[in-house]
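# Reading the structure
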Amino acid sequence: MEAAGDHPVPSGPLAVRWLAYELPPVRAGALSRPRVALENAGTAAWVPTGPRRVCLAYHWLDELGNPIVWDGLWTALPHEVQPGGRTETELTLRGPVPPGRYRLAVDLVAEDRYWFTEVGNAPLEREVEVEPRIERRALAVRGADSGVLDGLEEPLVPEDEAEAIAYLGPGVVPAPDWSRRVLDAHAEGYAVVGGSIDAGGGVLRRTPRALAPYAPGTGRNPAFVHPLLCPSVVRGVQPEWVEEVEGLPAARPPADEPWLYDGRIELRAQPRSDRRRG
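Residues numbered from 1 in each chain as written. Predicted model: local features only at pLDDT ≥ 70, side-chain atom pairs only at ≥ 80, totals over all residues. Heavy atoms only, no water.

### Considering the overall build of the protein chain
Looking only at helices and strands, one finds one helix and 21 strands in the protein chain. For 278 residues, the compact-globule estimate of 2.2 N^0.38 gives 19 Å, and the protein chain exceeds it by more than 25% at 24 Å. Considering only contacts in the protein chain between residues 6 or more positions apart, those separated by 24 or more positions represent 70%. (Helix = DSSP H or I, 4+ residues; strand = E, 2+ residues; numbered from the N terminus. Rg over C-alpha atoms; globule rule 2.2 N^0.38 Å. Contact = heavy atoms within 4.5 Å.)

Set out below in C-alpha cells:
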C-alpha cells in the first residue's frame, strides 16, 4: 500500500487520520475495490452497525472540485474502532460515467449526522484516470438470422472473444451503425444497453401497441420505464430476463448497474405475426 501522506487532523469526537491506500485500475461504471488504512484520531468510537454507524464512502469530483457523483456507495467498517485504533479494509467503489480524469475523495460518514469533512477533516483525495468500461471494442451476438449482421460499421467477434453480448432474435435486423453505438455506450460505462425497435408500421400494418414505446427518433432516456429489448450486456453482468415483448428478448433495467436506453440505437423487427415460423 502507498502512504497517504501528511494532512490536517482536527480535534474533537469525529476525526480521521488516513494512513495508506491501494487503488486498482478504475473503469467507468464498473466496481473496483481499493484498500484503505485509517486511524480513529477522535474521541468517539466508530461503530459499524446500528443507527449511528460510521461508514466509508466517496465522492467523484471534477478538476475544479465540483461534485460529479456525490455520496457514492457506502462500505461498512469491518469492526468497531476505538479512539486511537486502526483498521484496514476494502472500499466498494463504482467508477463514474463517462471515462476521463476525475478526483476521487474518500470520506467517512456518520449516518444521520455528518460527513467527516463537514466537521473539519480532510478527505483522502487522489487524481484518477478512469478507463473505458470495456477493455476492447468486441461485441458478439446471439440469436440473429444468417446474413443480417453483414455491413455493420464495427464487425462482430466470436462470443469467446467478446467484451459484451447482444441478444437479438429471428427477424431482427440492426441498423448499420448499431454495433458502433452499442460499443460506444458500453465503453462509456453502461453495463446493459437497449435501443429502439422499428416495427415497420404504416397504412396497411400498424405498429403493435407493445412496441410503441420503442419507436425510433428519440435519444437517450434515463427515465425509460419499459424493459430493454434485444439488450447488449457486458461480460460478468447477469441480465434480469422478463417475458418477451412481441417475441423479442426483454430484460429489466438493472437496479445496481448503469444502464442505457437510446432510441438512436436502432433495430428493425417484424411484428411477431409476420415472422417466419420454424
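### Looking at unusual backbone geometry
Here the amide bond leading from Val97 into Pro98 is cis, since omega sits at 5 degrees, within 30 degrees of zero. By the secondary structure assignment, Pro98 is in the loop between strand 9 (93-94) and strand 10 (100-110). Of note, the phi angle at Cys230 is positive, near 45 degrees, even though the residue is not glycine. With respect to the helices and strands, the residue Cys230 is situated in the loop between strand 17 (228-229) and strand 18 (232-234). Look at Cys230 and you get buried, because its relative accessible area is 4%. One non-glycine residue, Glu246, lies in the positive phi region at around 50 degrees. The topology assignment puts Glu246 in the loop between strand 19 (240-245) and strand 20 (248-252). When its relative accessible area of 19% is taken as the criterion, Glu246 is described as buried. (Buried < 20%, exposed > 50% of the residue type's maximum accessible area, 1.4 Å probe, protein only.)

### Digging into the pairing of strand 4 (residues 35-40)
Within strand 4, five of the six residues are buried, which leaves the element mostly enclosed by the surrounding structure. Here strand 2 (residues 16-22) runs beside strand 4; their pairing, made up of six bridges, is antiparallel. Bridging across to strand 4, Ala20 finds its partner in Ala37. Here five bridges tie strand 4 to strand 8 (residues 86-90), and the two strands are oriented antiparallel to one another. Bridging across to strand 8, Ala37 finds its partner in Glu88. (Pairing = 2+ DSSP bridges.)

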